[in-house]
Amino acid sequence: MDQETGQKVGAVLVVGGGVGGMQASIDLAEGGYKVYLVEKGPSIGGVMAQLDKTFPTNDCAMCTLAPRMVDCGGHLNIEKLTYSEIESIEGTAGNFKVHVRKKARSVDPEKCTGCGECVEHCLVKNIVYLEPPPPAEIEIGDNERLKVDEILSRYDGGRETVIPILQDITDEFNWLPPNVLMRASQVKQIPLEHILRIATFYKGFSLKPRGKHIVTVCTGTACHVKGAQRILDRLERELGIETGETTSDMQFTLDAVRCLGCCGLSPVVTVGDDLYGQMNPAKAAALIDKYQD
Ligand code: FES
């Protein structure tokens, strides 16, 4: 306080951007002080953001924290020095000099919109994938080549055609053979990496050979409470494979899925396009006999 004018002068440094530090900063800023809030983490919020409920009131941690984060984050009198640490403090009460070290972020906080793209593509966390150059000559049989070329000829266009092409390849081959994908990449001039990204994203595509009949057990909540796991166990025993595997005679692939959208029929099993509701382990085992060649 300036003794002559009665005005508040100087600034206050708050160390730690947890809920306590934020509340202190808000109170001081509301009281007319310029506040520097130093937080060693990349953002304010502290560990409370990791909690669900708080003792003893059982209040939602986020409901307590979020309003303070908003107030503190937008307050013009609070300068947030995140990802920063105090190096030294000199001086005496009322006249301190503080050295703060700001760590490099590699992101311009002024431009950051919190989209998370930089995390996805972080060069420190992710190993850079360098696609190996495609082989000059793809090893593909004449028959396969004819089939895949015919499929590719159905579609004009670039990357937007990848999903229908992969669907047609799956219909034709029952899986996505690597040489066929390489051929598609070469003919359509679409990077193999892009094709593989889509092929590995959707459960409907498989990069492993699949059986003639794909047996899928729904393990969603409605089916689970009505014994889907027992059905899955029985089918694993009947087929002698684990979920996700294919029998050695290439007849059956066993899969599990979360909700097929017909919970009223639970528990549900599908074999290819055929759907069977109100199943039990014995009925599921009988399905194997029905479809066995
Ligand atoms: S949970 Fe199985 S169909 Fe919905």
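Provided above is the structure to which this section pertains.
So, here is what we can say about the structure in this document.

Rules of the game
Residues numbered from 1 in each chain as written. Predicted model: local features only at pLDDT ≥ 70, side-chain atom pairs only at ≥ 80, totals over all residues. Heavy atoms only, no water. Salt bridge = Lys/Arg side-chain N within 4 Å of Asp/Glu carboxyl O. Helix = DSSP H or I, 4+ residues; strand = E, 2+ residues; numbered from the N terminus. Buried < 20%, exposed > 50% of the residue type's maximum accessible area, 1.4 Å probe, protein only. Pairing = 2+ DSSP bridges. Axes fitted to C-alpha atoms, helices over the stretch in contact; angles between N-to-C directions. Contact = heavy atoms within 4.5 Å.

**Considering the pattern of salt bridges**
Pairing is possible between side chains that carry opposite charge, provided their charged atoms lie close to one another.
Step number 1: Throughout the structure, instances matching the rule amount to eleven salt bridges.
Step number 2: Across the pair Glu87 and Arg101 runs a salt bridge, and its minimum N-O distance is 3.0 Å. Of this pair, Glu87 sits in strand β6 (residues 84-92) while Arg101 sits in strand β7 (residues 95-102), and the two are 14 residues apart along the sequence.
Step number 3: When its relative accessible area of 55% is taken as the criterion, Glu87 is described as exposed.
Step number 4: For Arg234, the salt bridge is made with Glu238, and the minimal N-O distance between the two is 3.2 Å. Taken together, the residues Arg234 and Glu238, both in helix α9 (residues 228-239) and four residues apart, mark about one turn of the helix.
Step number 5: Its relative accessible area of 26% is what places Arg234 among the partly exposed residues.
Step number 6: By relative accessible area, which is 39% here, Glu238 ends up partly exposed.
Step number 7: Put simply, Glu150, Arg154 and Asp168 are held in one network by salt bridges that share partners.

**Re unusual backbone geometry**
Step number 1: That bond from Ser266 to Pro267 is cis: its omega, -5 degrees, falls within 30 degrees of zero.
Step number 2: Residue position: Pro267 is located in the loop between β9 (252-257) and β10 (269-271).
Step number 3: The phi dihedral of Asn58 falls on the positive side, at around 65 degrees, and the residue is not glycine.
Step number 4: Phi is positive for Cys259, close to 65 degrees, though the residue is something other than glycine.
Step number 5: Within the element layout of this structure, Cys259 appears in the loop between β9 and β10.
Step number 6: Since its relative accessible area comes to 40%, Cys259 is described here as partly exposed.

**Overview of the sheet that holds β10**
Step number 1: Pairing within the open sheet is mixed, and its four strands lie in the order β9-β8-β10-β11. The outermost strands of the open sheet, each flanked by one partner alone, are β9 and β11 (274-276). Shown here is a sheet whose adjacent strand axes are inclined to one another by a mean of 20 degrees, direction ignored.
Step number 2: Two elements, β10 and β11, share three bridges in a ladder whose sense is antiparallel. Counted as the bridge partner of Val269 is Tyr276 from β11.
Step number 3: The strands touched by α9 are β8 (213-218), β9 and β10; relative to β9, the strand with the most contacts, the crossing angle is about 165 degrees.
Step number 4: The strands that helix α10 (residues 281-291) touches are β8, β9, β10 and β11; relative to β11, the one it contacts most, it runs at about 155 degrees.

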